[in-house]
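# Structure assessment
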Amino acid sequence: MKQNIIAGISLCLIGLVLCIFPSTIWKISEKWKSDNADKPSTKYITITRIVSGVFISIGIFLALGIIY
């Protein structure tokens, strides 16, 4: 039970970081792949925020014990 809570909180924190700082995450993980890119595309930011919402939702479900 304790592991579910820790995993849920961890997923929520990861989701919050992804949602709040998508440009910083892009700079760390994707910028080096392109010579001309100076900022992430709107599609990248949108998809990152959707994924962060999924992480937060799963984290809440884990922390509350709805899923195991």
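Data block above holds the structure.
To start, this report covers the structure provided alongside it.

### Things to note about helix H3 (residues 42–64)
Along its 23 residues, H3 runs 33 Å from first to last C-alpha, staying within 8% of the 33 Å computed at 1.5 Å per residue. The complete set of buried residues in H3 reads Thr-48, Ser-52, Gly-59 and Leu-62. Residues of H3 that are buried make contact with helix H1 (2–20) and helix H2 (22–29). Of the residues flanking the end of H3, it is Gly-65, one or two places downstream, whose phi is positive at about 85°.

### Considering H1
A rise of 1.5 Å per residue sets the reference length of H1, with its 19 residues, at 27 Å; its end C-alpha atoms lie 27 Å apart and thus fit the reference within 8%. Asn-4, Gly-8, Cys-12, Gly-15 and Leu-18 are the residues of H1 that are buried. The arc that holds every buried residue of H1, seen down its axis, measures 125°, which confines them to one face. Among the exposed residues of H1, those pointing more than 90 degrees away from its buried face are Lys-2, Gln-3, Ile-6, Leu-13 and Ile-20. Those residues of H1 that are buried lie in contact with H2 and H3.

### Quick look at the environment of Ser-41
Relative to the elements of secondary structure, Ser-41 occurs in the loop between H2 and H3. Given the relative accessible area of 42%, Ser-41 is considered partly exposed. Sequence separation of Ser-41 and Ile-56 is 15 residues, and the distance between their C-alpha atoms is 23 Å. Within the structure, Ser-41 has its side chain in polar contact with the backbone nitrogen of Tyr-44 (distance 3.1 Å).

The rules behind these values
Residues numbered from 1 in each chain as written. Predicted model: local features only at pLDDT ≥ 70, side-chain atom pairs only at ≥ 80, totals over all residues. Heavy atoms only, no water. Helix = DSSP H or I, 4+ residues; strand = E, 2+ residues; numbered from the N terminus. Expected span 1.5 Å × (residues − 1). Buried < 20%, exposed > 50% of the residue type's maximum accessible area, 1.4 Å probe, protein only. Contact = heavy atoms within 4.5 Å. Arc of directions from axis to C-beta. Polar contact = N/O pair within 3.5 Å; in protein donor to acceptor, adjacent residues only side chain to side chain.

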